[in-house]
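Residue-level structure breakdown
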Amino acid sequence: MPEPATEPVLVLTSFGFLHLPKDAAGRPVPPSADRIEDVRDRLRDPAAARDILDLDGLNPRVQDIVLNTPGARELIANLADYADLPAGPRRIAIGCAGGKHRASGLTELLARALRDRGRQVEVEHLHVHLPRVLKTPTASPANPEQEPTR
């Protein structure tokens, strides 16, 4: 007797645009995915809250801040509905500037929402473990993570 068909695993990836390799034109090359969601301009950066700077999106406190950012709940619902389409995606990637707060937090929240819907989900975080990226006008080209002079 043949086994029942199992639903394919959906892979969710978080990443930081500032950590990606560049193409010949100098543009970041995001991970391969059926849908890439760029949240840099869409959601406010929770790292502005100084008390979470050393935390990342795997932390429930950061996830709560991300979830309560205007537009985040709607984005998660939209991505979850997209994942449930009959010919839905196999991979969804979410990127922010550094991949430490918004992208990783949203990826974890989306994974939870999809698992609540009975989906099999794998999560990979490409840059959550890297230091926070500081992109400032006073940073030197040789050291883009340099703190601005105060």
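The paragraphs below set out a description of the structure included in this document. Here the structure is a predicted model, which means the values were calculated and not measured.

Cut-offs used in this document
- Chains are numbered independently. Their residues run from 1 in the order of the written sequence.
- Where local features are concerned, this predicted model is filtered to residues with pLDDT of at least 70; where side-chain atom pairs are given and counted, the filter is 80 or more; whole-chain, interface and lining totals use all residues.
- No hydrogens and no water enter the side-chain calculation; it runs on all heavy atoms of the structure.
- Numbering goes from the N terminus for both helices and strands, where a helix is a DSSP run of H or I of at least four residues and a strand is a run of E of at least two.
- Between two residues, a contact is recorded if the distance between any of their heavy atoms is within 4.5 Å.
- Per-residue accessibility takes into account occlusion by the displayed protein chains alone, with areas from the Shrake-Rupley method and a 1.4 Å probe.
- Think of it in three bands: residues with accessible area under 20% of the maximum for their type are buried, residues over 50% are exposed, and the middle band is partly exposed, with areas taken using a 1.4 Å probe on protein chains only.
- DSSP-based pairing: two strands are paired if at least 2 bridges between them are found.
- Think of it this way: a Phe, Tyr or Trp ring, Trp meaning its six-membered ring, pairs with another when their centres are within 6.5 Å, and the plane angle makes it stacked under 30 degrees, edge-to-face over 60, tilted otherwise.
- By the criterion adopted, a ring carries a charge over it if an Arg CZ or a Lys NZ lies within 6 Å of its centre and within 35 degrees of its normal.
- To obtain each axis, a line is fitted to C-alpha atoms, and for helices this fit is confined to the stretch in contact; angles are then taken between N-to-C directions over 0 to 180 degrees.
- What sets the label is the angle itself: under 35 degrees gives roughly parallel, over 145 gives roughly antiparallel, 65 to 115 gives roughly perpendicular, and the rest give oblique.

Scanning the chain from N- to C-terminus turns up three helices and four strands. Seen in sequence order, the chain has helices and strands lined up from the N terminus as β-β-α-α-β-α-β. Considering only contacts in the chain between residues 6 or more positions apart, those separated by 24 or more positions represent 72%. Within the structure as shown, the chain displays about 8,700 Å² of accessible surface, and the carbon and sulfur contribution to it stands at 52%.

On to the pairing of strand 1 (residues 10-16). With seven of its seven residues buried, strand 1 lies for the most part within the structure. Every second residue of strand 1 is oriented toward a common face, with Leu10, Leu12, Ser14 and Gly16 on one face and Val11, Thr13 and Phe15 on the other, all of them buried. Across five bridges, strand 1 lies against strand 4 (residues 121-125) in parallel orientation. Following the sheet pairing, Leu10 is matched in strand 4 by Val121. Relative to strand 3 (residues 91-96), strand 1 runs parallel, the two sharing six bridges. The residue bridging Thr13 from the neighbouring strand is Ala93, located in strand 3.

What follows covers the packing of aromatic side chains. On inspection of all chains with the given rule, the structure shows one aromatic pair. The ring of Tyr82 carries Arg35 above its face, with NZ or CZ at 5.0 Å from the centroid.

Before going further, it helps to examine the packing of helix 1 (residues 60-67) against helix 3 (residues 102-116). The geometry of helix 1 relative to helix 3 is characterised by a closest axis approach of 9 Å and an angle of 90° between their N-to-C directions. Accordingly, the angle class assigned to the pair helix 1 and helix 3 is roughly perpendicular. Touching Gln63, Val66 and Leu67 of helix 1 are Arg102, Gly105, Leu106, Glu108, Leu109 and Arg112, all from helix 3.

Glancing now at the sheet that holds strand 2 (residues 35-38). With parallel pairing, four strands are arranged side by side in an open sheet as 2-3-1-4. Both outer strands of the open sheet, strand 2 and strand 4, are each paired with one neighbouring strand and no more. The average angle at which neighbouring strand axes cross in this sheet is 15°, direction not considered. Contacts from helix 2 (residues 72-83) reach strand 1, strand 2 and strand 3, with the element oriented near 175° to strand 2.

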